[in-house]
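# Fold and contact review
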Amino acid sequence: MKFFRKLLLFIIIIIFIAVIVLGIIGFWYYSRALSEKPLLTRTDEVTKSENYTPFSELSQDYINAVISVEDRRYYEHGAVDFRGIARAIWTNIRNGELQEGGSTITQQVAKNLVFSQEETLQRKLGEFFAAYDLEKKFSKEEIFALYVNSSYFGENYYGIYEASMGYYGKEPKNLNLDEASMLAGIPNAPSVYAPTVNPDLANQRQAHVLETMVENGYVTQTQADEIINSK
């Protein structure tokens, strides 16, 4: 019994040390990024851009679609959603493909504005600190707007305004459910899900977005089926 207690204590100590080391690496990586350009300077570049679209000028269908597919518990958690990470891992294993990521919308803003898109451990760790910083400085609505205005939608469209005008010739506030659910799915992989690149894959991604909207009570199964069956 004493052996197992000592072994458990040893494991706990190792885990504690590992967490401390990873935290130091993440904080250093984030601090280095801020030394190049402060966080508020980065966010100002988005909010002061010509085509910036505030939260109040986004269609409700689009807001619901993005939250459903990207971060269904967006208003319930802080910068990081550990429950969401576990759910995403299970969903991807169950479906045998990468359908969901574990990052919150806030973390994705951090990635878009502060770091490069390369998948490294340092970037992911730094992303945690950037996300916590964003949550301290901005409201959920402001962070959401930063996300959709800094995302890439394919076809050289940066931000929801360019994507909405480019694909559908209308402002984001006027997007209907069909259009909103299509655009909500593109930033996950613009080179794959842009409707002008591969319509079949884009439709499959849209169907997944609509499925999540049904699961979260934003639309009925009938509404989702009408759009899916019309393709």
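Placed above this text is the structure.
Everything numeric in this text was worked out from a predicted model, so none of it was measured.

Looking only at helices and strands, the chain features twelve helices and zero strands. Seen in sequence order, the chain has helices and strands lined up from the N terminus as α-α-α-α-α-α-α-α-α-α-α-α. Put simply, the chain has 231 residues, and 43% of those count as buried. For the chain, the share of sequence-separated contacts (at least 6 apart) that also reach a separation of at least 24 residues comes to 63%. Within the structure as shown, the chain displays about 12500 Å² of accessible surface, and the carbon and sulfur contribution to it stands at 57%.

Further remarks concern a nonpolar patch on the surface. A grouping of Leu9, Ile13, Phe16, Ile17, Ile20, Val21 and Ile24 is seen on the molecular surface, where their side chains present a nonpolar patch of about 660 Å² in accessible area. Inspection of the secondary structure puts phenylalanine 16 in helix α1 (residues 2-36).

With that settled, the discussion passes to the environment of threonine 104. Structurally, the position occupied by threonine 104 is in the loop between α4 (82-95) and α5 (105-113). For threonine 104, the side chain forms a polar contact with the main-chain nitrogen of glutamine 107, separated by 3.1 Å.

We now examine the nonpolar core. Generally speaking, a soluble globular protein has its nonpolar side chains buried in company with each other. Counting 44 residues, the largest nonpolar core has Tyr62, Ile105, Val114, Phe144, Phe153, Ile160 and Leu183 as its most contacted members. Element by element, the count of residues in this core is highest for helix α3 (residues 60-70), at six residues. Ignoring anything within four residues of it in the chain, the contact list for isoleucine 105 reads Val66, Ile67, Glu70, Asp71, Tyr74, Ile143, Phe144 and Tyr147.

Another aspect to go through is the packing of helix α8 (residues 160-168) against helix α9 (residues 177-185). Running from amino to carboxyl end, α8 crosses α9 at an angle of 125°, the nearest separation of the two axes being 11 Å. In terms of axis orientation, α8 runs oblique to α9. For the pair α8 and α9, the sense of crossing is right-handed. Facing α8, whose interface residues are Ile160, Ala163, Ser164, Tyr167 and Tyr168, α9 presents Glu179, Met182 and Leu183. Its residues assigned to classes, the contact of α8 with α9 comprises six nonpolar, one polar and one charged.

Another point: the packing of aromatic side chains. Using the criterion set out here, one finds ten aromatic pairs in the structure. Centre to centre, the rings of tyrosine 152 and tyrosine 158 are 4.6 Å apart; their planes meet at 35°, and the pair counts as tilted. Tyrosine 152 sits in the partly exposed class, given a relative accessible area of 31%. Every member of this aromatic cluster is reached through a ring pair, and the members are Trp28, Tyr29, Tyr30 and Phe115. Note that lysine 140 overlies the ring of tyrosine 74, its terminal NZ or CZ placed 4.4 Å from the centroid.

All right, on to the pattern of salt bridges then. Counted under the stated rule, the structure contains twelve salt bridges. Across the salt bridge formed by glutamate 127 and lysine 124, the nearest N and O atoms sit 3.2 Å from each other. You can see glutamate 127 and its partner lysine 124 sitting in helix α6 (residues 121-137), three residues apart, about one turn around the helix. With a relative accessible area of 1%, glutamate 127 lands in the buried category. When its relative accessible area of 27% is taken as the criterion, lysine 124 is described as partly exposed.

Of all nine residues in α9, eight are buried, a share of seventy percent or more. Among the residues of α9, Leu177, Glu179, Ala180, Ser181, Met182, Leu183, Ala184 and Gly185 are the ones counted as buried. Of the residues flanking the start of α9, the one acting as N-cap is asparagine 176, its side-chain oxygen 3.1 Å from the backbone nitrogen of aspartate 178.

This part is about helix α2 (residues 39-47). Taken as a whole, α2 has its buried residues at Leu39, Arg42, Thr43 and Val46. Angular distribution of buried residues about the axis of α2 spans 95°; they occupy a single face of the element.

In this section: the environment of serine 181. By secondary structure assignment, the location of serine 181 is in helix α9. Under the relative-accessibility criterion, serine 181 is labelled buried at 0%. With 112 residues separating them along the chain, serine 181 and valine 69 place their C-alpha atoms 9.3 Å apart. Those residues in contact with serine 181 that sit more than four places away from it in its chain are Ala65, Gln206, Val209 and Leu210. Only 2.8 Å separates the side chain of serine 181 from the backbone oxygen of leucine 177, close enough to count as a polar contact.

Calculation rules
Residues numbered from 1 in each chain as written. Predicted model: local features only at pLDDT ≥ 70, side-chain atom pairs only at ≥ 80, totals over all residues. Heavy atoms only, no water. Helix = DSSP H or I, 4+ residues; strand = E, 2+ residues; numbered from the N terminus. Buried < 20%, exposed > 50% of the residue type's maximum accessible area, 1.4 Å probe, protein only. Contact = heavy atoms within 4.5 Å. Areas by Shrake-Rupley, 256 points an atom, 1.4 Å probe, with all protein chains shown as cover. Patch = residues over 30% accessible without salt bridge, like charges linked within 9 Å, V, L, I, M, F, W, Y side chains within 5 Å. Salt bridge = Lys/Arg side-chain N within 4 Å of Asp/Glu carboxyl O. Polar contact = N/O pair within 3.5 Å; in protein donor to acceptor, adjacent residues only side chain to side chain. Core = buried A, V, L, I, M, F, W, Y, C linked by side-chain atoms within 4.5 Å. Axes fitted to C-alpha atoms, helices over the stretch in contact; angles between N-to-C directions. Parallel < 35°, antiparallel > 145°, perpendicular 65-115°, else oblique. Left-handed = near helix turned anticlockwise from the far one by under 90°. Nonpolar A, V, L, I, M, F, W, Y, C, P; charged D, E, K, R; others polar. Phe/Tyr/Trp six-rings, centres within 6.5 Å; stacked < 30°, edge-to-face > 60°. Lys NZ or Arg CZ within 6 Å of the ring centre and 35° of its normal. Arc of directions from axis to C-beta.

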